[in-house]
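Chain by chain, the residues:
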Amino acid sequence: MGTEIGNIVILTGAGISAESGIDTFRDGGGLWEQHKVEDVATPEAFQRDPDLVLRFYDMRREAIQTKQPNPAHEALARLEREWGGEVLIVTQNVDDLHERAGAKNVLHMHGTHLNAWCIACDKRSPWTGPLIDRPDCPACGAKALRPDVVWFGEMPYRMEEIYGALRQADLFVSIGTSGAVYPAAGFVRDARQLGMQTLELNLERSQGSNWFEESRLGKASEVVPAWVAEVLAG
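Residues numbered from 1 in each chain as written. Predicted model: local features only at pLDDT ≥ 70, side-chain atom pairs only at ≥ 80, totals over all residues. Heavy atoms only, no water.

Enquirer: How should the pairing of strand β6 (residues 145-149) be read in this particular structure?
Expert: A large share of β6 lies buried, amounting to five of its five residues. Across four bridges, the pairing between strand β4 (residues 111-118) and β6 is antiparallel. Pairing of Ala 116 across the sheet is with Pro 147, part of β6. (Buried < 20%, exposed > 50% of the residue type's maximum accessible area, 1.4 Å probe, protein only. Helix = DSSP H or I, 4+ residues; strand = E, 2+ residues; numbered from the N terminus. Pairing = 2+ DSSP bridges.)

Pasting the structure below:
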């Protein structure tokens, strides 16, 4: 890596939370083996069988609240605290482990399990309990809450903010991502076109690995703290 780095944009995917015991979607033992994507993660699935979808997300919401951040989450929170420039964590994950590790500048492009979205009034509310019993929306009282999670076929959140941050960044780092889900998989190409440095930290090479100037392979709980320590040491 070069030395002239000011602002850093970090993309994190399921691989950073896997060591905390949160299932990944695309690994051999991952979430989608029990449920087809089209059965639980599309607007059409919610229209067709809302009880199945709500039960599925209720289980995920309950499960993540029992998990703890791992050294990779903690290292990124340390980087945010101690780095002289801006650090933005853009996560594809719908857990809150970055925040619980102490990170403040986190953008959830795919939503979060710990919010509910009312499709009647469009308000989002913090939510830790189940949705299967059709509770009232805290804002308007309608029984129209759904998981505040971006499903396949829906537009990820806050894309303009993400691209704005990329335009201001000097380094783009991707951690624990498959490189298979767009638009996030295209961020590295955008970063290269903008002339910034690029780094991949992953258990194995992603589908977009060839776009990165450098790839470091290994467990997130090992390679991320090592990289953060290196960056902070100058």
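Enquirer: Sorry, what's going on with the sheet that holds β6 here?
Expert: If you walk across this open sheet you meet the three strands as β5-β4-β6, and the pairing is antiparallel. Looking along the sheet, the strands with just one partner apiece sit at the ends: β5 (124-126) and β6. Ignoring strand direction, the axes of neighbouring strands in this sheet form an average angle of 45°. Bridge count between β4 and β5: three bridges; the pairing is antiparallel. (Axes fitted to C-alpha atoms, helices over the stretch in contact; angles between N-to-C directions.)

Enquirer: Mind showing me how you'd approach the UniProt feature "active site" (unreviewed entry) in the chain here?
Expert: With numbering aligned to this structure, UniProt lists the feature "active site" (unreviewed entry) at His 110. As for its placement among the helices and strands, His 110 is situated in the loop between β3 (106-108) and β4. Exposure remark for His 110: the relative accessible area of 13% places this residue in the buried category. Leaving out residues up to four positions away in the same chain, His 110 has contacts with Thr 91, Gln 92, Val 94, Asp 148, Val 149, Val 150, Pro 156 and Val 181. (UniProt positions renumbered as here; feature names shortened; annotations may be inferred. Contact = heavy atoms within 4.5 Å.)

Enquirer: Looking at this model, I keep getting lost on the sheet that holds strand β9 (residues 214-217). Mind explaining?
Expert: Strands pair in a sheet through their backbones, by hydrogen bonds, and they do so in one of two ways: parallel or antiparallel. One open sheet accounts for six strands, arranged β3-β2-β1-β7-β8-β9; its pairing is parallel. Two strands in the sheet have a free side with no partner beyond their single neighbour: β3 and β9. Neighbour-to-neighbour, the strand axes of the sheet open up by a mean angle of 20°, direction not taken into account. Pairing geometry for strand β7 (residues 171-175) and strand β8 (residues 197-202), over five bridges, is parallel. The residue bridging Leu 171 from the neighbouring strand is Gln 197, located in β8. Along the sheet, helix α5 (residues 71-82) contacts β1 (8-12), β2 (87-91) and β7; its crossing angle with β1, the most-contacted strand, is approximately 165°. Sheet strands touched by helix α9 (residues 220-232): β1, β7, β8 and β9. Its angle to β8, the strand with the most contacts, is close to 145°.

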